[in-house]
Amino acid sequence: MSAQTIKSNETPVDKYAEKPIAVFDSGVGGISVLKHIHTLLPNEQLLYVADSKYAPYGNKTAAEIQARCFEIAEFLIAKNAKALVVACNTATAAAIDAMRARYSLPIIGMEPAVKPAAAATKNGIIGVLATTGTLKSAQFAALLESYGRNVKVVTQACVGLVECVERGELDTDNTNALVQQYCAPLLAEGADTIVLGCTHYPFIKPLIEQAVGNNVAIVDTGAAVAKYLQKKLAAQDLLTTVEAEANVAFWTNSQADNSAQVIEALWGAKAEVQIF
Ligand code: DGL
């Protein structure tokens, strides 16, 4: 029998489904999403790229962000990615349409959780913490148009917070002062629900919780993105059939000496970190 022959009682193995899922962000923030994906789909091989040399994306033009996304997508596709997760609200707003037009693999993006927050608020006032790029984008305006009509939405651009997380400063006086500064206007407007509209912010959620107190709900999108990814891959028969916990590989272009330590600290376990 030739190596090509498939016996009648065997199912051909769909090797494509065994390829890795690739996740990227302007930096280390998308690791907050990667954790949800690994928890939900532990048998999927995962690749993660932190484009930290170019972070933050939040103050770049859409054309600049698209150029970064294309370069990273091509790097990850060359590594055999079967799907891409843009674990960055800012990059999704600026580049996901252009990426989908250029590449044929499934591309999953994310947007601030205005819809669930609008459904959850009790007093009809929600706050959104995000980057300037996300808040200024046409996608965010469309999101408000679709889901923010019946609630008051107070937005706050958080300049400098991405950089704090990039440096691994999750609990310093400086990070805390910025968090207090950015949460204050949302509290002053009476928001009872606050959306973390940037994937870096879940890493400073304890500071945000402290700043806003127990009566304010905090909404993050990571778990929903992981569930959506699972659904999307299942629909295309792209979930792995391997039954063993898979490897997670990290790449960064950070210039900082402690970049691997920051990644390990955020990932919460030993991490294989390479430079790209
Ligand atoms: N984690 C990115 C996001 O979700 C941060 C963007 C940036 O680098 O400014 O928007």
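So, here is what we can say about the structure in this document.

Criteria and cut-off values
- Residue indices begin from 1 for each chain and proceed along its sequence in written order.
- The predicted nature of this model means local features are confined to residues of pLDDT at least 70 and side-chain atom pairs, given and counted, to a pLDDT of 80 or more, with totals for whole chains, interfaces and linings taken over all residues.
- To obtain the side-chain values, all non-hydrogen atoms of the structure were used and water was disregarded.
- For the exposure calls, accessible area comes from a 1.4 Å probe over protein chains only, and a residue counts as buried if that area is under 20% of its type's maximum, exposed if over 50%, partly exposed in between.
- The secondary structure listing takes helices from DSSP runs of H or I that are at least 4 residues long and strands from runs of E that are at least 2 residues long, numbered from the N terminus.
- When DSSP locates at least two bridges between a pair of strands, those strands are taken to pair.
- Any residue with a non-hydrogen atom lying within 4 Å of a molecule or strand is treated as near it.
- We define a polar contact as two N or O atoms separated by no more than 3.5 Å, with the added condition that, inside protein, one atom must be a possible hydrogen donor and the other a possible acceptor, whereas residues neighbouring each other in sequence contribute only through side-chain atom pairs.
- Here the term cavity refers to a set of points on a 1 Å grid, laid over the protein atoms alone, in which a 1.4 Å probe fits but cannot get out; the term pocket refers to an open set having protein on both sides within 12 Å along at least five of seven lines, with lining residues being those that place an atom within 4 Å of a point.
- Pocket or cavity membership: a molecule qualifies when more than half of its atoms sit within 2 Å of the grid points of that site.
- Each residue is assigned to one class: nonpolar for Ala, Val, Leu, Ile, Met, Phe, Trp, Tyr, Cys and Pro, charged for Asp, Glu, Lys and Arg, and polar for all the others, Gly among them.
- Grid points are joined across faces, edges and corners, and a volume is the space filled by probe spheres set on the points.

1. Brief notes about the pairing of strand 5 (residues 125–130)
Alright, step 1. Of all six residues in strand 5, six are buried; the element is thus mostly enclosed.
Alright, step 2. When strand 5 meets strand 6 (residues 152–157), the two strands line up parallel, connected through six bridges. Bridged to Leu129 within strand 6 is Gln156.
Alright, step 3. As defined by bridge partners, strand 5 adjoins strand 7 (residues 193–196) across four bridges and the pair is classed as parallel.

2. A word on the site of the ligand
Alright, step 1. The environment of the ligand is made up of 13 residues, and the closest members are Ser26, Tyr57, Gly58, Thr90 and Thr199.
Alright, step 2. One of the backbone nitrogen or oxygen atoms of Tyr57 is found 2.7 Å away from an oxygen atom of the ligand.
Alright, step 3. A distance of 2.7 Å is found between a nitrogen atom of the ligand and a side-chain nitrogen or oxygen belonging to Thr199.
Alright, step 4. Under a 2 Å grid-point criterion requiring more than half of the atoms, the pocket assigned to the ligand is the largest cavity.
Alright, step 5. Residues belonging to the shell around the ligand are distributed by class as follows: five nonpolar, seven polar and one charged.

3. Some thoughts on empty space enclosed by the protein
Alright, step 1. In the structure shown here, the tally under the stated rule is one cavity of 30 Å³ or more.
Alright, step 2. Considering only enclosed or pocket space, the largest cavity measures out at about 40 Å³ in volume.
Alright, step 3. Surrounding the largest cavity, Asp25, Ser26, Tyr57, Gly58, Cys88, Thr90, Thr131, Val162, Cys198 and His200 form its lining.
Alright, step 4. When its residues are assigned to classes, the lining of the largest cavity shows four nonpolar, five polar and one charged.

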